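# Architecture at a glance
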Amino acid sequence: MSTITMIGAKALEKPYGMRKNGMQWAPAKKAFRPTGGLTPYDQRAKLRVAQTAMKAKEKEMKEEKEGERQRRITAIKASKAVKEEKERFEKLAEKMHKKRVERLKRKEKRNKMINS
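Note that the structure is a prediction, hence the values are computed from the model and not measured.

Secondary structure assignment for the protein yields 2 helices and 2 strands. When the elements of the protein are put in sequence order from the N terminus, they spell out β-β-α-α. Taking all 116 residues of the protein together, 3% fall into the buried category. Pairs at least 24 residues apart make up 3% of the contacts formed inside the protein by residues separated by at least 6 positions. In the form shown here, the protein has an accessible surface area of approximately 11800 Å², with 59% of it arising from carbon and sulfur atoms.

Tallying each qualifying case throughout the model produces 4 salt bridges. Notably, a salt bridge pairs Glu68 with Arg71, separated by 2.8 Å at the nearest N-O pair. Of the two residues, Glu68 and Arg71 are both situated in helix 1 (residues 40–95); the distance of 3 residues between them amounts to about one turn of the helix. Here Glu108 ties to Arg88 by a salt bridge, and the two come within 2.7 Å at their closest N and O atoms. Of this pair, Glu108 sits in helix 2 (residues 98–115) while Arg88 is found in helix 1, placing the two residues 20 residues apart along the sequence. Members of the salt-bridge network, linked through shared partners, are Glu85, Arg88 and Glu108.

All right, on to the packing of helix 1 against helix 2 then. Packed helices, taken two at a time, are described by the angle their axes make and the gap between the axes. Where helix 1 contacts helix 2, the two axes come as close as 10 Å, and the packing angle between them is 145°. Classified by chirality, the crossing of helix 2 by helix 1 is right-handed. Of the residues in helix 2, those in contact with Glu85, Arg88, Phe89, Leu92 and Ala93 of helix 1 are Val101, Leu104, Lys105, Glu108 and Lys112. For the contact of helix 1 with helix 2, the per-class residue count stands at 5 nonpolar, no polar and 5 charged.

A few words on the packing of aromatic side chains. For the structure shown, the criterion picks out 0 aromatic pairs. One Lys or Arg, Arg88, reaches over the ring of Phe89 and ends 4.9 Å from the middle of that ring. Taking the ring centre of Phe89 as reference, the NZ or CZ of Lys105 above it sits at 5.1 Å.

What counts as what
Residues numbered from 1 in each chain as written. Predicted model: local features only at pLDDT ≥ 70, side-chain atom pairs only at ≥ 80, totals over all residues. Heavy atoms only, no water. Helix = DSSP H or I, 4+ residues; strand = E, 2+ residues; numbered from the N terminus. Buried < 20%, exposed > 50% of the residue type's maximum accessible area, 1.4 Å probe, protein only. Contact = heavy atoms within 4.5 Å. Areas by Shrake-Rupley, 256 points an atom, 1.4 Å probe, with all protein chains shown as cover. Salt bridge = Lys/Arg side-chain N within 4 Å of Asp/Glu carboxyl O. Axes fitted to C-alpha atoms, helices over the stretch in contact; angles between N-to-C directions. Left-handed = near helix turned anticlockwise from the far one by under 90°. Nonpolar A, V, L, I, M, F, W, Y, C, P; charged D, E, K, R; others polar. Phe/Tyr/Trp six-rings, centres within 6.5 Å; stacked < 30°, edge-to-face > 60°. Lys NZ or Arg CZ within 6 Å of the ring centre and 35° of its normal.

This is the structure in structure tokens:
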């Protein structure tokens, strides 16, 4: 054990001297205080709070990843739709006159605007 003296705002520890058992290299043991730390309930509560925070972060990361995936999917679908529309008008242009195909395009655009 050691005695503590107060000098100003600092506490200085005075060692008692050499140990009799020769274990000067080992730290001095303190008295066992079973209620010194957190109680098991407090430990569980602390762990529960940490787990809920972790799960919230995981959920946020998963939602972000899924959102990115959905953006890629919609971009791919939009490009496919544009490509299919272009191919369809090319097939019509093979059969019909160019000006008639242009009229159909304009008519379809008007219908899309009205329907949407």
